[in-house]
Amino acid sequence: MREQLLAAEKVKAIDWRDGMLHLLDQRLLPAEENWLPYDSAEGVAQAIRQMVVRGAPAIGISAAYGVVLGARARIAAGGDWRAALEADFKVLSESRPTAVNLFWALNRMRERLERVRDGETPLQALEAEAVSIHESDREANLTMAQLGMELIRKHQGSPQALLTHCNTGALATGGFGTALGVIRAAHLDGLVERVYADETRPWLQGARLTAWELANEGVPVSLNADAAAAHLMKTAGITWVIVGADRITANGDVANKIGTYQLAVNAMHHGVRFMVVAPSSTIDMSLESGDDIPIEERDGSELLDLGGRRVAAEVHAVNPVFDVTPADLIDAIVTEKGVVERPDAAKMAQLMCRKRLH
């Protein structure tokens, strides 16, 4: 399966070359493929805030490269560059509040900086760490794709209908995708009859990104309005809802794109299995439950306007961009360390003690 996934690789969102970070502008897809170059930590933070790059793993990877860019500028400026670099850590950490991968990646970069030995070049050490974060996410994607595919096959070995939400593919990660990586592997194994992709309002990541990725790989995909999901669970023979995650707490609660919680409620009602796919860097054992997760709210104009033009009435708009799915609605959490079925605090603790499977 690994070789098949590698052969099918067509899309990437992040490219580190010539000492600069290049990001595929996901706001313009699928109409236009435009790569934007970044040479500063502030620029990378702005790209994260403005959704040029999105998806929890991709945000963390981009922030790691942002630290490298910040360090290069601070070292060139002279003086106490380590103290000055704290401003770059701060601006990157404040770019998005919910995705824990961001803070995990920044902590890894800070820890690597603290371990720089005499004779080592700090900038080279930081760059190597950022590249390692990027490459390890890609490897984790491959492992999760295999594990998730095997879980689907275990419960039903024939082609089946799957439903996914938001975008969790190569565009959201450093490799092949989390939930979409599992779906891609299942398709290569002959287990997919059709994928139903929620449009995912208001940024339409499902319509613009997920449908685009799947169609480009020849995976049968149908786009549906978010509000149609329960109807499709009832009428279309859907067997699994497969989603990613932006943060998973110690008890197995999952924060993900707004609309995930209602999918889990509807899935339980209709007897549809619910799978969450995320690297272990998404798991935040410092938070006891989903009640402790900070939920980002973005500007109401994302709901009130379309293409820069007001389409709604002159009212207040509520725009939380994540919600929390309780662990008791989740059938399985798939990570590169293994699979946790029917997650709870004890099972999550056991998972985090394991080594990666790749």
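An unreviewed UniProt entry annotates the chain as Methylthioribose-1-phosphate isomerase of Metapseudomonas resinovorans. If you open the UniProt record of the chain and go to Sequence similarities (unreviewed entry), you find "Belongs to the EIF-2B alpha/beta/delta subunits family. MtnA subfamily."

(A) Fine view of the environment of Thr325. For Thr325, the position within the fold is in strand E14 (residues 322-325). Between the C-alpha atoms of Thr325 and Val254, which are 71 residues apart in sequence, the distance is 5.1 Å. Not counting residues up to four positions away in its chain, the partners in contact with Thr325 are Asp253, Val254, Thr260, Tyr261, Ala264 and Ile330. Looking at Thr325, its side chain comes within polar contact range of the main-chain nitrogen of Tyr261, at 3.5 Å.

(B) Molecular detail of the UniProt feature "site: Transition state stabilizer" (unreviewed entry) in the chain. Taking the UniProt record as the reference, the feature "site: Transition state stabilizer" (unreviewed entry) is found at Cys166. Classification of Cys166 by relative accessible area gives buried; the value is 6%. Excluding residues within four positions of it along the chain, Cys166 makes contact with Arg54, Thr200, Gln205, Gly206, Thr210 and Lys257.

(C) Main features of empty space enclosed by the protein. A full pass over the atoms with the stated rule returns three cavities of 30 Å³ or more. Volume-wise, the largest cavity comes out at about 200 Å³. Lining the largest cavity are 23 residues, and of these Arg54, Gly55, Ala56, Asn167 and Asp246 sit closest to its centre. When contributions to the lining of the largest cavity are tallied by element, the ones reaching two or more residues are helix H3 (56-77) and strand E9 (254-257).

(D) Spotlight on the packing of H3 against helix H5 (residues 100-114). Between H3 and H5, whose axes approach to 7 Å, the crossing angle comes to 30°. As the angle between them shows, H3 and H5 are arranged roughly parallel. Crossing handedness for the pair H3 and H5: right-handed. Residues Ala56, Pro57, Ile59, Gly60, Ala63, Ala64, Val67 and Val68 of H3 touch H5, and the partners they reach there are Asn101, Leu102, Ala105, Leu106 and Met109. By residue class, the composition of the contact of H3 with H5 is eleven nonpolar, two polar and no charged.

About the cut-offs
- Residues numbered from 1 in each chain as written.
- Predicted model: local features only at pLDDT ≥ 70, side-chain atom pairs only at ≥ 80, totals over all residues.
- Heavy atoms only, no water.
- UniProt positions renumbered as here; feature names shortened; annotations may be inferred.
- Helix = DSSP H or I, 4+ residues; strand = E, 2+ residues; numbered from the N terminus.
- Contact = heavy atoms within 4.5 Å.
- Polar contact = N/O pair within 3.5 Å; in protein donor to acceptor, adjacent residues only side chain to side chain.
- Buried < 20%, exposed > 50% of the residue type's maximum accessible area, 1.4 Å probe, protein only.
- 1 Å grid on protein atoms, 1.4 Å probe; cavity = no way out; pocket = protein on both sides within 12 Å on 5 of 7 lines; lining within 4 Å.
- Points joined across faces, edges and corners; volume = space filled by probe spheres on them.
- Axes fitted to C-alpha atoms, helices over the stretch in contact; angles between N-to-C directions.
- Parallel < 35°, antiparallel > 145°, perpendicular 65-115°, else oblique.
- Left-handed = near helix turned anticlockwise from the far one by under 90°.
- Nonpolar A, V, L, I, M, F, W, Y, C, P; charged D, E, K, R; others polar.

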